[in-house]
Amino acid sequence: MISYNPKEWFSFIFRFHKGETFGKLLPLMVAIAAYSALIAFLEIEVFKLSETSHVKNVTVMHTMLGFVISLLLVFRTNTAYDRWWEGRRMWGGLVNSSRNLALKLAVMLKDKEDKELFRKLIPAYAEVLSQHLKSADINHELFDDITLSTNLYNHKPNQIAKTIMAKLNDLYQAGKLSGEQLIVLNAEIQSFTDICGACERIKNTPIPFSYSAFIKKFIFAYVVTLPFGYVFQLGYYVIPVVVFIFYVLSSLELIAEEIEEPFGDDPNDLPTTKMAENIRKNVEELLY
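All values derive from a computational prediction rather than experimental measurement.

1. Things to note about the pattern of salt bridges
- Considering all chains together, one arrives at twelve salt bridges under this definition.
- Across the salt bridge formed by Lys176 and Asp111, the nearest N and O atoms sit 3.5 Å from each other. Here Lys176 is found in the loop between α5 (156–173) and α6 (179–204), whereas its partner Asp111 is found in the loop between α3 (58–108) and α4 (112–133), with 65 residues between them in sequence.
- Note on Lys176: relative accessible area 39%, which makes it partly exposed.
- Residue Arg280 pairs with Glu284 through a salt bridge whose shortest N-O separation is 3.5 Å. Within this pair, Arg280 and its partner Glu284 are both found in helix α10 (residues 272–286), separated by four residues, close to a single helical turn.

Next comes the structure, spelled out in structure tokens:
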């Protein structure tokens, strides 16, 4: 995720970064400019349409549909941001649950070897979940003495959660944890799987295809009909105006597409790898 100071106006205006939509849309913007120039040339130089031509009234359609397209794009960006923010809340919950589990174990456990085991297992869950949500290949050799099964589990976060729960149960049976303590710790493990499930719901349930496709078609139809009517008011200046309108509308759709799935490697996605590393540092401090 891009780190920035929201108060620095000039850096936003005059500096471009890889998260900008301008570079992605540049080929289409050039094509729209050429198309607008062609329409302007035909209407002005070839057909020489007069001010009384009915083609001029095409702008009425844009006036009526402008409000509709703005509502669609607002709903689209709000829905995408809600998914991004929910993902951030889930990972914030994972940070808190990891700290709480480590804090309780640091107090409850007296054996240094037991603490060392959870000092590795708890951060491993966040690291594996981050890779799992990115659909990345997960390294089975997480650390020296604990290895993920290569065949038994395809869902690696579940395997880590089960390992943690099994170790807690072993400590209970060995008399190192009481039943009340086990119940308290169980709530933290349950929160791990709840967070994983919520993140998977965001990842595996995209915006319905028909809705996303309709917005793209609507934007395209709206933009390609703009030159017909506005040539009468703007002349050849219609070219930069139409290109700018296309850039604004398409950028909103591209931004929504990028943030609606917040667990990838795009510039505006959540920094889950960094958050997993912070969890590791916090847990290692608590279970020293």
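From this point, the narrative continues.
2. Looking at the nonpolar core
- In terms of nonpolar packing, the biggest core is built from 47 residues, with Trp91, Leu94, Leu105, Phe118, Ile122 and Leu168 touching the most fellow members.
- At the level of secondary structure, the elements contributing two or more residues to this core comprise α3, α4, α5, α6, α9 (238–259) and α10.
- With near-sequence residues (within four places) excluded, Leu105 lies in contact with Lys115, Phe118, Ile122, Leu168, Leu185 and Leu287.
- Formed by 21 residues, the second largest nonpolar core is a distinct cluster that contains Ile32, Ala40, Ile69 and Val231.

3. Quick word on helix α8 (residues 226–234)
- Buried residues of α8: Leu226, Pro227, Gly229, Val231 and Phe232, and no others.
- Those residues of α8 that are buried are in contact with α2 (22–46), α3, α7 (209–224) and α9.
- Two residues or fewer after α8 comes Gly235, characterised by a positive phi angle close to 65°.

4. Quick look at α3
- Relative to the 75 Å expected for 51 residues at 1.5 Å per residue, α3 spans 74 Å between its end C-alpha atoms, a close match to the ideal helical length.
- A maximum bend of about 35° is found in α3 at Leu65.

5. A look at the environment of Ser251
- Structurally, Ser251 is set in helix α9.
- Owing to a relative accessible area of 8%, Ser251 belongs among the buried residues under this scheme.
- Between the C-alpha atom of Ser251 and that of Leu25, which follows or precedes it by 226 residues, the distance is 7.9 Å.
- Once residues lying within four places of it in the same chain are set aside, the contact partners of Ser251 are Thr21, Leu25 and Phe246.
- Side chain to side chain, Ser251 and Thr21 meet in a polar contact 2.7 Å long.

6. So, the packing of α3 against α4
- The geometry of α3 relative to α4 is characterised by a closest axis approach of 10 Å and an angle of 170° between their N-to-C directions. In terms of their interaxial angle, α3 and α4 are classed as roughly antiparallel. Along the contact surface, α3 presents Trp91, Leu94, Ser98, Leu101, Ala102, Leu105 and Ala106, while α4 presents Lys115, Phe118, Ile122, Tyr125, Ala126, Leu129, Ser130 and Leu133.
- Class assignment of the residues belonging to the contact of α3 with α4 gives a composition of twelve nonpolar, two polar and one charged.

7. Topic: the packing of aromatic side chains
- By the definition in use, this model includes six aromatic pairs.
- On the basis of an interplanar angle of 25° and a centroid distance of 6.4 Å, the ring pair of Trp84 and Trp85 is categorised as stacked.
- Ring geometry for Tyr125 against Phe192: centres 4.9 Å apart, planes inclined by 25°, an arrangement best described as stacked. Of this pair, Tyr125 sits in helix α4 while Phe192 is found in helix α6, placing the two residues 67 residues apart along the sequence.
- Taken together, Tyr81, Trp84 and Trp85 form an aromatic cluster joined through their ring pairs.

Criteria and thresholds
- Residues numbered from 1 in each chain as written.
- Predicted model: local features only at pLDDT ≥ 70, side-chain atom pairs only at ≥ 80, totals over all residues.
- Heavy atoms only, no water.
- Salt bridge = Lys/Arg side-chain N within 4 Å of Asp/Glu carboxyl O.
- Helix = DSSP H or I, 4+ residues; strand = E, 2+ residues; numbered from the N terminus.
- Buried < 20%, exposed > 50% of the residue type's maximum accessible area, 1.4 Å probe, protein only.
- Core = buried A, V, L, I, M, F, W, Y, C linked by side-chain atoms within 4.5 Å.
- Contact = heavy atoms within 4.5 Å.
- Expected span 1.5 Å × (residues − 1).
- Bend = angle between axes of the 7 residues up to and from the residue.
- Polar contact = N/O pair within 3.5 Å; in protein donor to acceptor, adjacent residues only side chain to side chain.
- Axes fitted to C-alpha atoms, helices over the stretch in contact; angles between N-to-C directions.
- Parallel < 35°, antiparallel > 145°, perpendicular 65-115°, else oblique.
- Nonpolar A, V, L, I, M, F, W, Y, C, P; charged D, E, K, R; others polar.
- Phe/Tyr/Trp six-rings, centres within 6.5 Å; stacked < 30°, edge-to-face > 60°.

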